[in-house]
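Here's the letter readout for the chains.
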Amino acid sequence: MKYYFLITGVLCILYYLMLVYHSRKLRSTFAVFWLLTGGVHLLIGCAPFPVYVYTGLAAVCGVLWVCFISVEALIVSAMFSRYDRKTDCIIVLGAQVKGIKITDSLKRRLDRAVRYLREFPETKVIVSGGKGPGEDITEADAMGDYLISCGIDPGRIVRENRSASTRENLRYSGKYTDPEHDSVGIVTNGFHMYRSCLIAAQEGYKNIYKIPASSNPIFQINYLTREFFAVISVWMRMRPGRFKSN
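Each residue is numbered by its place in its chain's sequence as written, counting from 1. Local features in a predicted model are, by the rule used here, given only for residues with pLDDT of at least 70; side-chain atom pairs are given and counted only at 80 or more, and totals for whole chains, interfaces and linings are based on all residues. As a rule here, side-chain values come from all non-hydrogen atoms in the structure, and water together with hydrogens is ignored.

**Concerning the overall build of the protein chain**
Item 1. Under the DSSP-based scheme used, a helix requires at least four consecutive residues in state H or I and a strand at least two consecutive residues in state E, with every element numbered from the N terminus. Of the regular secondary structure elements, the protein chain holds eight helices and seven strands.
Item 2. If one aligns the C-alpha atoms of the protein chain with their principal axes, the spans along those axes are about 70 × 40 × 30 Å.
Item 3. Put simply, of all contacts in the protein chain between residues at least 6 apart along the chain, 77% involve residues at least 24 apart.
Item 4. Total accessible area on the protein chain is roughly 12,800 Å²; 63% of this is exposed by carbon and sulfur atoms.
Item 5. Positive charges come from Lys and Arg alone, negative charges from Asp and Glu alone, with His and the N- and C-terminal ends not counted. To locate a charge, take atom NZ for lysine, CZ for arginine, CG for aspartate or CD for glutamate. Each charge sign in the protein chain was given a centre, from 31 positive and 20 negative side chains, and these centres are 6 Å apart. Whether two residues touch is decided by their heavy atoms; if any such pair falls within 4.5 Å, the residues are in contact. In these tables, accessible area is a Shrake-Rupley quantity obtained with a 1.4 Å probe, and a residue counts as shielded only by the protein chains included in the view.

Right, dumping it as structure tokens:
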């Protein structure tokens, strides 16, 4: 069991260094988790614990891995969806804008929305996101301008520019559509899709259609792990019942 902790610790720290190299930041999104997790594993692996302690730790790790894999299976399953259904509207969930520059994750969402809107020219689009730290314009304005630059008719674009979270994205966007009756496509990165649908159900959306976008493959493990904790948080607020999604 000592080798498990030592090997896992080394792998976590190597992944942290990979994230730092690609993001050019020591504290990019959730990256510090890997540094801390790696450090803890190395400490446990090097500690002179008796055999029975490692046996107990092995049991705990086994339970945690089963929980983690079970949740991740749900998250990954939502990353894949059919793309050939017309909806009344789509909602593009906001992501960080650096100054006025669209980040990679947000660009992937918008490019996915552009392909969908070209396929279904009667569908309107709600771009949702307010102005946060480090942003010179609202995420909605950055998204709307990008869609227009890609040839989308401005008349099809609704800008929701107050929200600061996924929940607010969906709550405030609901004022521009009919969540009870309209079919609504949610556009976000694949790793974020399962949680977005859960929140949409909580916010009263009855007919949800998943339109997942890609994400940076280097950060995929990081994103999926972060989503594990985010999904658990949403589940804790979930009311009994099921939502309909396609």
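There is more to say, and it comes next.
**A few points about unusual backbone geometry**
Item 1. For Arg24, which is not glycine, the phi dihedral falls at a positive 60°.
Item 2. Relative to the helices and strands, Arg24 is located in the loop between α1 (2-23) and α2 (32-46).

**Considerations on the sheet that holds strand β1 (residues 89-93)**
Item 1. At least two DSSP bridges between two strands are needed for those strands to be called paired. Pairing within the open sheet is parallel, and its five strands lie in the order β5-β4-β1-β6-β7. Both edges of this open sheet fall to β5 (157-160) and β7 (208-213), since each of them pairs with a single strand only. Shown here is a sheet whose adjacent strand axes are inclined to one another by a mean of 25°, direction ignored.
Item 2. Relative to strand β6 (residues 184-189), β1 runs parallel, the two sharing four bridges. Residue Val92 lies in a different strand from β6, and its bridge partner there is Val187. Where helices are involved, their axes are fitted lines through C-alpha atoms of the stretch in contact, as for all axes, and angles between N-to-C directions lie from 0 to 180°.

**Regarding the packing of helix α4 (residues 104-119) against helix α5 (residues 139-149)**
Item 1. Viewed as axis vectors pointing N to C, α4 and α5 meet at an angle of 45°, and their least axial separation amounts to 10 Å. With respect to each other, α4 and α5 are oriented oblique. Crossing of α4 over α5 shows right-handed handedness. Here α4 contributes Leu106, Lys107, Leu110, Asp111 and Val114 to the contact with α5, which in turn contributes Met143, Tyr146 and Leu147.
Item 2. All residues other than Ala, Val, Leu, Ile, Met, Phe, Trp, Tyr, Cys, Pro, Asp, Glu, Lys and Arg, Gly among them, are scored as polar; the first ten of these are nonpolar and the last four charged. Tallied by class, residues from the contact of α4 with α5 come to six nonpolar, no polar and two charged. Angle categories: roughly parallel below 35 degrees, roughly antiparallel above 145, roughly perpendicular from 65 to 115, and oblique for all the rest. By definition, turning the near helix anticlockwise from the far helix through less than a right angle yields a left-handed crossing, and turning it clockwise yields a right-handed one.

**What about the pattern of salt bridges?**
Item 1. Counted as salt bridges are all cases of a side-chain nitrogen of Lys or Arg within 4 Å of a carboxyl oxygen of Asp or Glu. According to the stated counting rule, one finds seven salt bridges in the structure shown.
Item 2. Residues Arg167 and Glu203 are paired through a salt bridge, measuring 3.0 Å at the closest nitrogen-oxygen approach. Taken together, the residues Arg167 in helix α6 (residues 166-173) and Glu203 in the loop between α7 (190-202) and β7 connect sequence positions 36 residues apart.
Item 3. Using a 1.4 Å probe on the protein chains alone, a residue whose accessible area is under 20% of its type maximum counts as buried, one over 50% counts as exposed, and one in between counts as partly exposed. When its relative accessible area of 13% is taken as the criterion, Arg167 is described as buried.
Item 4. Through salt bridges with shared partners, a single network forms among Asp141, Asp145 and Arg159.

**Observations concerning the nonpolar core**
Item 1. Take the buried residues of types Ala, Val, Leu, Ile, Met, Phe, Trp, Tyr and Cys, join any two whose side-chain atoms come within 4.5 Å, and each joined set is a nonpolar core. The biggest cluster of nonpolar side chains holds 34 residues, and the ones touching the most others in it are Ile91, Leu170, Ile186 and Tyr205.
Item 2. Elements with a contribution of two residues or more to this core: α1, α3 (51-77), β1, β6, α7 and α8 (220-235).
Item 3. The biggest single contributor to this core is α7, with seven residues.

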